[in-house]
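Examining the three-dimensional arrangement
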Amino acid sequence: QKSVPKVNRKALNKWFDKYQDDPDEIQVNGMIKFCEDLQVEASDVVMLILAWHLKAGTMCVFTKKEFMEGMEKLGVDSTASLKALLPKLRTDMDDATKFTSIYNYTFDFAKNPQQKSLDLATAIGM
């Protein structure tokens, strides 16, 4: 396992605060700004890969805990450092084990909590 750079917790907190819509969450409006700053579409697969790394429990939402712990594990504490990591995150789809894990995560992530399966429109969109 490669070592990840040590992050600046103060910078990480400030970075989260820039996008938070709620004291403990980045929600839709913050996520739109986050994606704009990263210069990626919210529908870009790299955002799904990032959500998988952050272990996000809800689509279009990062809790402060998910954000802080996930970004720390990735070794990033700024838009610039995450932007530089995006090409590497994209390669996670080329790794069969990670791909399977991301696929399974996406299935659970995309369905409503009470659903056992995805509706056809969502499944086709994936």
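The structure under discussion appears in the preceding block.
The paragraphs below set out a description of the structure included in this document.

Looking at the overall build of the protein chain
Helix and strand counts for the protein chain come out as seven helices and two strands. From first element to last, N terminus to C terminus, the protein chain shows the α and β order α-β-α-α-β-α-α-α-α. Taking all 126 residues of the protein chain together, 36% fall into the buried category. The long-range fraction of contacts in the protein chain, counting pairs at least 24 apart against all pairs at least 6 apart in sequence, stands at 61%. Surface summary for the protein chain: the accessible area is close to 7,900 Å², and the carbon and sulfur share equals 55%.

Thoughts on the packing of aromatic side chains
Think of a pair of aromatic rings as described by two things: how far the centres are apart, and how the planes are tilted against each other in angle. Counted by the stated rule, this structure contains seven aromatic pairs. When the ring of Trp15 is compared with that of Phe34, the centres are 6.0 Å apart and the planes differ by 45 degrees; the resulting orientation is tilted. With Trp15 in helix H1 (residues 9-19) and Phe34 in helix H2 (residues 28-38), the pair connects residues that are 19 residues apart, well separated along the chain. With a centroid separation of 6.1 Å and 90 degrees between ring planes, the pair formed by Phe34 and Phe62 is classed as edge-to-face. On the criterion of sequence distance, the pair formed by Phe34 in helix H2 and Phe62 in strand E2 (residues 62-63) is long-range, its members being 28 residues apart. For Phe34, a relative accessible area of 1% puts it in the buried group. You can call Phe62 buried: its relative accessible area is 3%. Linked through ring pairs, Trp15, Phe16, Tyr19, Phe34, Phe62 and Phe67 together constitute an aromatic cluster.

Focus on the nonpolar core
Counting residues in each nonpolar core, the largest one holds 31 residues, and the members touching the most others are Phe34, Leu50, Phe62, Phe67, Met71 and Leu82. If you list the elements that add at least two residues to this core, you get H1, H2, helix H3 (45-54), helix H4 (64-74), helix H5 (79-90) and helix H6 (96-110). At seven residues, H3 tops the list of elements feeding residues into this core. Beyond its immediate sequence surroundings of up to four residues, Phe67 is in contact with Leu12, Trp15, Phe16, Ile26, Phe34, Leu54 and Phe62.

Describing the pattern of salt bridges
Enumeration over the complete set of coordinates arrives at seven salt bridges. Between Asp37 and Lys18 there is a salt bridge, with the nearest N and O atoms lying 3.2 Å from each other. Of this pair, Asp37 sits in helix H2 while Lys18 sits in helix H1, and the two are 19 residues apart along the sequence. Of the charged contacts, one joins Asp37 and Lys33 as a salt bridge, the two residues approaching to 2.9 Å between their closest N and O atoms. With a gap of four residues between them, Asp37 and Lys33 both fall in helix H2, about one helical turn apart. Judged by relative accessible area, Lys33 falls into the partly exposed class, the value being 37%.

Description of the environment of Met47
Considering the arrangement of structural elements, one finds Met47 in helix H3. Take Met47: its relative accessible area is 7%, and that puts it in the buried class. Along the chain, Met47 and Cys35 lie 12 residues apart, while their C-alpha atoms are 8.3 Å from each other. Not counting chain neighbours up to four residues away, the residues in contact with Met47 comprise Met31, Phe34, Cys35, Leu38, Val40, Glu41 and Ala42.

How each quantity is defined
Positions within a chain are numbered from 1, following the residues in the order the chain's sequence is written. In view of the model being predicted, local features appear only for residues whose pLDDT reaches at least 70, and side-chain atom pairs are presented and counted only at 80 or more, with totals across whole chains, interfaces and linings using the full set of residues. Based on all heavy atoms of the structure, the side-chain values leave hydrogens and waters out of the count. Helix and strand assignments come from DSSP, with helices taken as H or I runs of at least 4 residues and strands as E runs of at least 2, each series counted from the N terminus. Only protein chains enter the accessibility calculation, which uses a 1.4 Å probe; a residue is then buried when its area is under 20% of its type maximum, exposed when over 50%, and partly exposed in between. Only heavy atoms enter the contact rule, under which two residues are in contact if any of them lie within 4.5 Å. Computed by Shrake-Rupley with a 1.4 Å probe, the accessible areas treat only the displayed protein chains as cover when residues are assessed. Put simply, two rings from Phe, Tyr or Trp (the six-membered ring, in Trp's case) pair if the centres are within 6.5 Å, and we call them stacked under 30 degrees between planes, edge-to-face over 60, tilted for the rest. Nonpolar core, defined: a set of buried Ala, Val, Leu, Ile, Met, Phe, Trp, Tyr and Cys residues in which side-chain atoms within 4.5 Å join the residues together. Should a side-chain nitrogen of Lys or Arg be within 4 Å of a carboxyl oxygen of Asp or Glu, the pair is scored as a salt bridge.

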